Amino acid sequence: MSEQLDLSSPLRTESAPAPTELITSAGSLRALRVSKGFSIEDVAVRLKYAARHIEALESERYDSLPQGLGLRSMVRSYSKLLGIDPRSLESALQSRIGSVEGGIANHTSIRTLGAHHVEHVPHSGPWAWLVLILLVVLAALSVAIWQGLVPAAWVPDWVEALFR
């Protein structure tokens, strides 16, 4: 019988058994990746991150990586690919990831998880809108009268004198 190839996966390797110890630093990821037979390019294709980001994570050059949820997502995806528990690595990178409380809806960016502070700027109320609408209507009416789009019988003499 012929052997069926799985073409849905860009990686075709024999995996070594997952290590029993916990991975507690991003530098340990390189050794585990190599032991599984993955190249940087294989990991980058599978995770859909740039190879430079994978290299930066393995080399612990965190300034070259996204912060907050972006880093957390990258660590989780990479851990899943390597078959390890991401929690120990996430706790080691907690200062870079930050804490997530209440989900992503509370954050405005995936690049940072800093305190989200929105200043309340008091608005001028509905009066500002009414004045703006009135000015727009007056401008449109003025253009219509000036262009002769409004019948002369509808326009008072004093208004017509303004447009002469």
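Up top is the structure these notes are about.
Residues numbered from 1 in each chain as written. Predicted model: local features only at pLDDT ≥ 70, side-chain atom pairs only at ≥ 80, totals over all residues. Heavy atoms only, no water.

*Asks:* I would appreciate a short explanation of the overall build of the protein chain in the present structure.
*Replies:* Of regular secondary structure, the protein chain possesses eight helices and zero strands. Here the protein chain, with 164 residues, has 27% of them falling under the buried criterion. Pairs at least 24 residues apart make up 54% of the contacts formed inside the protein chain by residues separated by at least 6 positions. As displayed, the protein chain offers around 11800 Å² of accessible surface, 60% of which is attributable to carbon and sulfur atoms. (Helix = DSSP H or I, 4+ residues; strand = E, 2+ residues; numbered from the N terminus. Buried < 20%, exposed > 50% of the residue type's maximum accessible area, 1.4 Å probe, protein only. Contact = heavy atoms within 4.5 Å. Areas by Shrake-Rupley, 256 points an atom, 1.4 Å probe, with all protein chains shown as cover.)

*Asks:* So what exactly am I meant to see when it comes to the packing of helix α1 (residues 28-35) against helix α3 (residues 51-58) here?
*Replies:* The packing of two helices is summarised by the inter-axis angle and the distance between the axes. The contact between α1 and α3 brings their axes to 7 Å, and the two run at 120°. In terms of axis orientation, α1 runs oblique to α3. Two secondary-structure elements touch here, α1 through Leu29, Arg30 and Arg33 and α3 through Glu55, Leu57 and Glu58. In the contact of α1 with α3, the residues fall into two nonpolar, no polar and four charged. (Axes fitted to C-alpha atoms, helices over the stretch in contact; angles between N-to-C directions. Parallel < 35°, antiparallel > 145°, perpendicular 65-115°, else oblique. Nonpolar A, V, L, I, M, F, W, Y, C, P; charged D, E, K, R; others polar.)

*Asks:* Explanation requested: the nonpolar core in the structure shown.
*Replies:* If you look at soluble globular proteins, the nonpolar side chains tend to sit buried side by side. Counting 22 residues, the largest nonpolar core has Ile54, Leu57 and Tyr78 as its most contacted members. Elements supplying a minimum of two residues to this core: α1, α2 (40-47), α3 and α4 (69-82). Top contributing element to this core by residue count: α4, with six residues. Discounting residues that sit within four places of it in the chain, Ile54 has contacts with Ile40, Val43, Ala44, Leu47, Tyr49, Met74 and Tyr78. (Core = buried A, V, L, I, M, F, W, Y, C linked by side-chain atoms within 4.5 Å.)

*Asks:* Whenever I open this one, the side chain of Ser79 confuses me. Can you help?
*Replies:* In this structure, Ser79 sits in helix α4. Every residue in contact with Ser79, bar those within four places of it in the chain, is listed here: Ile84, Pro86 and Leu89.

*Asks:* It is not clear to me how a nonpolar patch on the surface should be interpreted in this structure. Could you clarify?
*Replies:* A contiguous nonpolar patch, built from Trp129, Leu132, Ile133, Val136 and Val137 and spanning about 530 Å² of accessible area, is present on the exposed surface. Its location among the elements puts Val136 in helix α7 (residues 126-146). (Patch = residues over 30% accessible without salt bridge, like charges linked within 9 Å, V, L, I, M, F, W, Y side chains within 5 Å. Salt bridge = Lys/Arg side-chain N within 4 Å of Asp/Glu carboxyl O.)

*Asks:* For this particular structure, what's the right way to read α3?
*Replies:* Because the α-helix completes a turn every 3.6 residues, residues three or four places apart line up on one side. Among the residues making up α3, those that are buried are His53, Ile54, Ala56, Leu57 and Glu58. On the buried face of α3, the contacting elements are α1, α2 and α4. Downstream of α3 by one or two residues, Glu60 has phi in the positive range, about 60°.

*Asks:* Whenever I open this one, α2 confuses me. Can you help?
*Replies:* Buried residues of α2: Ile40, Val43, Ala44 and Leu47, and no others. The buried residues of α2 occupy an angular sector of 100° when projected down its axis, which confines them to one face. Exposed positions of α2 whose direction lies more than 90 degrees from the buried face are Glu41 and Val45. On the buried face of α2, the contacting elements are α1, α3 and α4. (Arc of directions from axis to C-beta.)

*Asks:* Explain the pattern of salt bridges here, please?
*Replies:* Two side chains that carry opposite charge are able to pair once their charged atoms sit near each other. Tallied over the full model, the rule gives three salt bridges. Ionic pairing is found between Asp85 and Arg87, a salt bridge with its closest N-O pair at 3.2 Å.

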